[in-house]
Each structure stands twice: as structure tokens, then as C-alpha cells.
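Notes for the structure review
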Amino acid sequence: MTRKTNFYAGPAALPLPVLEQVREEIVDYHGMGLSLLETSHRSSEYDEVHNGAIRLIRKLLKVPENYHVLFLGGGATLQFAMVPLNFLGSGTCDFTLTGSWASKAYKDAKKIGTVNVLYDGADKKYTMLPDSLQPTPGAAYLHLTSNETIGGLQWHSFPDPGQIPMVADMSSDILSRPIPVERFSLIYAGAQKNLGPAGTTVVIVREEMIERCPDTLPAYLSYRTHSENNSLYNTPPVFGVYIVKLVLEWIEKQGGVEKVALVNEQKAEQLYSAIDSSDGFYRCPVDPRFRSKMNVVFRLPTEELEQSFVAESKKQGMIGLKGHRSVGGCRASIYNATSVEGVATLVEFMKDFAERNG
Ligand code: PMP
């Protein structure tokens, strides 16, 4: 079998050694005579997977002691609701509207309480991030989306809201670079880009935030339930957590998040320079200061050319280069598991395509 070069935005490329190990272990996990898929989440075998994955997240992201690492279901979308349900109460929270995902989180928060918009990038078509923010005094939290997967823009440095807790959706760039966890009160991420299977969700939450969770919430919706039960109140997404653990081990083998970040820089640099040196054949609409190192978005001179670009690239084994249906254009998602060689192949193809069609 020839594997494709995978540029899907999510679910996205997983490291091949991880997939191969899963194939190896799927029927008989570590000689148990059972698959992990059919093993109790209270078993010692699963316990090792669950706590091993938590330990690795703590280690790789240097998570301070006073934070819980949780595994939930429901994807990042459930967090759009859980964050306000747990922390907003009768107060207000602050939002930065930087693209489709921040806007979706905002819409859910608004259903639950009062939200102040500190920045709305809609009029600039979400191609910029704010240089500074004026948080609302006493706000319950400030929410931001560290990487906008559809618009292709990323916070390379984070705002400082002072005493106001900062909450971040890091679904599409968690573990792609070092992050100052101690500056955030809560980080959440759906797994399907840099971590593992869709549905599985990682939450990293500061202990003192747990005190704010109202007792009136149904059990699953409360962070307290999950932190008090080490994410084993109900059946966690066991297979997802297992794959996340393997991906984390793979990241560790690459040299950790710092090393992976260097490779990610290199891949993004290759692609953006191919775009910027194409004499305008390819255009990235995002302000260069805020371009994403995970999702590189670009346009071609016409939509017809974009369609043939996607079709031809597909024929050459490159998959997932069509932009999100809401914005069109092209997008190369280059998460941790996309190799430098894969990106080099795309860059070659881009040059060749521009020469033939420019
Ligand atoms: N936030 C961001 C930044 C995303 O990219 C996505 C999914 N692409 C989501 C949230 C929603 O995640 P899920 O589909 O896991 O609910």
C-alpha cells in the first residue's frame, strides 16, 4: 500500500508508527487475550494507559502540579458549553472573535450568559489578531482560540489579561509548540489534529477553577465531577485515550514539544515562502504576523484553478488540500504527523502547477 500525503484539517494525519502499533495490538493487547477495546476501564491494563497518557501530557507540556488533566468526550464543541456553564454564572466573560471557531464558542457562551466582545475580526475577514486587548474588569474569564483552523491564523504570543482567567481552545495547535500553561486557567482541545481520534477531548484546568463549578450542573457537565474522579466518573473514551498515549510517546521520541515545534516552523516556512515567492499566483490572505503554522490557507487566481489544483494534487497522492467549505480556496494542514518530506512534495507540486498555469 502507498500511503497518501495527508493534509486534512481533522481528523488528520497520525504518525505511521502509531497506526502500525495499534494494528499490532488491536486483537490481543499485551498478551491479555483481549483487545483493549473490550477491556474494562477499571482494569489495571486500562489504568496504565489512562494515567500514562495523563503523565505524558503533564511532562510534555510542563503542566504545573496545581492543574488537572482530564479526558472527556464530546469534542471541543462540548467545551464551548461547559466552560460558560461552569464559570460564567451571573457575571460576564470576554471573547476575542478571531474566526469561525471562536465565533462558534461565542454563540454558545451567549446562550448561557453575558459576553463582551473585546475584538471582532469579521470586518477584516479574520485575517488579523488584535495588538492589544482591554479586558472587562471582573470578567469571569477571557476566551480565545489559539489557532483558527479554518482561517489559518494563530496567536504566536498570548495576551495578558491580568487577574482575569484565560481560557483557550487549543484544538488545532496543542502539542505543536511549547505553551505557558501557567498563564491559562483552562485549556481544551479536541484530539483529532495533533493528538488522536475525534471525540476524545483533553482539558487542562487549574485547581482553583474547580471551586467555581456550580453544584446545580448535571454530573457530566461539571469539571468537578471529572477532576474528582480522575476522568473515570463514567466510561472515558478508552480507545481514544490509548491512541493519544501512543501519539504522546511518539512526540516524546521526536525529542518532545520543543523539537516538534522546530520541525513545524520549518514546514510552515517552506510553504509560506512558496506562496510569497510565486509572483502573486498563490496568495495567503492572513497578515504575515499571524499566519498559522498548522493550517496554511491560500488562494489561486481563479476558483477554476483552485479546483484543478486540488484535483491534480489528489492524483499525485496529496489529500485534503481543499479549503473549508465556508471560505473556499485551498488549505494545507501540516500538523505534527505531516513530515517535512510531505511538505516538500507539496511545495514542488505548487511550483510546477504555477509554472504550467501562471
Ligand atoms: N475548535 C477548533 C479550533 C477546531 O478546529 C475544531 C474542529 N475542527 C473545533 C473546535 C470543534 O471540535 P470538535 O469537532 O471536536 O467538536
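Within each chain, residues carry numbers counting from 1 in the order of the written sequence. Thresholds applied to this predicted model are a pLDDT of at least 70 for local features of residues and 80 or more for the giving and counting of side-chain atom pairs; totals over whole chains, interfaces and linings are not thresholded and use all residues. Hydrogens and water molecules were not included; the side-chain quantities draw on all heavy atoms of the structure.

Overview of the pattern of salt bridges
Any Lys or Arg side-chain nitrogen found within 4 Å of a carboxyl oxygen on Asp or Glu counts as a salt bridge. Scanning all chains against the criterion turns up 12 salt bridges. Where Lys62 meets Glu258, a salt bridge forms, and the shortest distance between an N and an O atom there is 3.0 Å. Placement of Lys62 in the loop between helix H2 (44-60) and strand E2 (67-72) and of Glu258 in helix H8 (residues 256-276) is noted, with a sequence separation of 196 residues between them. We classify Glu258 as partly exposed; its relative accessible area is 38%. Think of it this way: any DSSP run of H or I at least four residues long counts as a helix, any run of E at least two long counts as a strand, and we number them from the N terminus. Type-normalised accessible area, obtained with a 1.4 Å probe on protein chains alone, sets the label of each residue: buried when under 20%, exposed when over 50%, and partly exposed for intermediate values.

Observations regarding the domain arrangement of the protein
When its domains are assigned, the protein resolves into domain 1 (16-253) and domain 2 (256-357). What fixes the domain bounds is an automatic or database domain assignment. One C-alpha centre belongs to domain 1, the other to domain 2, and the line joining them spans 27 Å. In this analysis, two residues are considered to be in contact whenever any of their non-hydrogen atoms come within 4.5 Å of each other. Each partner contributes to the interface: domain 1 provides 27 residues, whereas domain 2 provides 25 residues. A simple way to read buried area is as the amount of 1.4 Å-probe accessible surface that goes missing from two parts once joined, with both sides added. Of the roughly 2,100 Å² buried between domain 1 and domain 2, counting both surfaces, carbon and sulfur atoms make up 56%. Among the residues of domain 1 in contact with domain 2, Thr127, Ile150 and His156 are the three that bury the most area, contributing 24% of the side total.

With respect to the state of the cysteines
Covalent bonding between the sulfur atoms of two cysteines is what defines a disulfide. The term disulfide is used for any two cysteine sulfur atoms that are within 2.5 Å. Applying the stated criterion across every chain, the model contains 0 disulfides. With no disulfide partner, Cys330 has as its closest neighbouring cysteine sulfur the one in Cys284, 12 Å distant.

With respect to the environment of Leu60
With respect to the helices and strands, the residue Leu60 is situated in helix H2. On the accessibility criterion, Leu60 (9% relative accessible area) is buried. A sequence separation of 196 residues divides Leu60 from Gly256, and the C-alpha atoms of the two residues are 6.2 Å apart.

Examining the environment of Lys4
Residue position: Lys4 is located in the segment before strand E1 (5-6). Each C-alpha atom of the pair Lys4 and Gly317 lies 5.0 Å from the other, and the pair is 313 residues apart in sequence. Beyond its immediate sequence surroundings of up to four residues, Lys4 is in contact with Gly317 and Ile319.

Notes on the packing of helix H1 (residues 16-25) against helix H7 (residues 238-254)
Fitted lines through C-alpha atoms serve as axes, helices being fitted only where they are in contact, and the angles separating the N-to-C directions of these axes extend from 0 to 180 degrees. In contact at an axis separation of 9 Å, H1 and H7 are set at 135 degrees when each is read in the N-to-C sense. Between H1 and H7, the angle falls in the class oblique. Seen along the crossing, H1 lies across H7 with a hand that is right-handed. For the pair formed by H1 and H7, the contact residues are Pro17, Val18, Gln21, Val22 and Glu25 on the first element and Phe239, Tyr242, Ile243, Leu246, Val247 and Trp250 on the second. When residues are grouped by polarity, Ala, Val, Leu, Ile, Met, Phe, Trp, Tyr, Cys and Pro land in nonpolar, Asp, Glu, Lys and Arg in charged, and all others, Gly among them, in polar. The residue makeup of the contact of H1 with H7, split by class, is 9 nonpolar, 1 polar and 1 charged. Just so you know how the angles are binned, under 35 degrees is roughly parallel, over 145 roughly antiparallel, 65 to 115 roughly perpendicular, and the rest oblique. Handedness of a crossing is defined here by the sense of rotation of the near helix relative to the far one, left-handed for an anticlockwise turn of less than a right angle and right-handed for a clockwise turn.

Here we look at the site of the ligand
Residues are labelled near a given molecule or strand when at least one of their non-hydrogen atoms is within 4 Å of it. Neighbouring the ligand are 13 residues; Thr77, Thr149, Asp169, Gln192 and Lys193 lie closest to it. One nitrogen or oxygen atom from the main chain of Ala76 is found 3.2 Å from an oxygen atom belonging to the ligand. Reported accessibility uses the Shrake-Rupley method at a 1.4 Å probe radius. Residues are deemed covered only where the shown protein chains occlude them. Expressed as a share of its isolated accessible area of 400 Å², the protein-covered part of the ligand is 85%. Ranked by the residues each element gives to the shell around the ligand, the list is headed by helix H3 (residues 75-87), at 4 residues. Within the shell around the ligand, the residues separate by chemical class into 3 nonpolar, 8 polar and 2 charged. Pairs of N or O atoms within 3.5 Å make up the polar contacts considered here, provided that, within protein, one atom can donate a hydrogen while the other can accept it, and that residues adjacent in sequence are counted only when both atoms are side-chain atoms.

Notes on the nonpolar core
Here, nonpolar core refers to any group of buried Ala, Val, Leu, Ile, Met, Phe, Trp, Tyr and Cys residues whose side-chain atoms link them within 4.5 Å. Counting 83 residues, the largest nonpolar core has Leu61, Ile204, Tyr282, Phe298, Phe309 and Leu346 as the members making the most contacts within it. The dominant element in this core, judged by the number of residues it contributes, is H7, at 10 residues. Residues lining this core come from more than one domain, with at least three contributed by each of domain 1 (16-253) and domain 2 (256-357). Here Leu61 is in contact with Ile174, Leu175, Arg177, Ile179, Val181, Ile204 and Val257, once residues within four sequence places are set aside. Membership of the second largest hydrophobic core comes to 26 residues, among which are Leu72, Ala76, Tyr106 and Ala109.

Digging into empty space enclosed by the protein
Of the grid points, spaced at 1 Å and generated over the protein atoms alone, those admitting a 1.4 Å probe that cannot get out make up cavities, while open sets with protein on both sides within 12 Å along at least five of seven lines make up pockets; any residue with an atom within 4 Å of a point is treated as lining. Grid points are joined across faces, edges and corners, and a volume is the space filled by probe spheres set on the points. Throughout the structure, instances matching the rule amount to 1 cavity of 30 Å³ or more. The calculated volume of the largest cavity comes to roughly 40 Å³. Surrounding the largest cavity, Ala13, Leu14, Pro15, Lys193, Asn194, Leu195, Val247, Trp250, Asn336 and Ala337 form its lining. Of the residues that constitute the lining of the largest cavity, the class distribution is 7 nonpolar, 2 polar and 1 charged.

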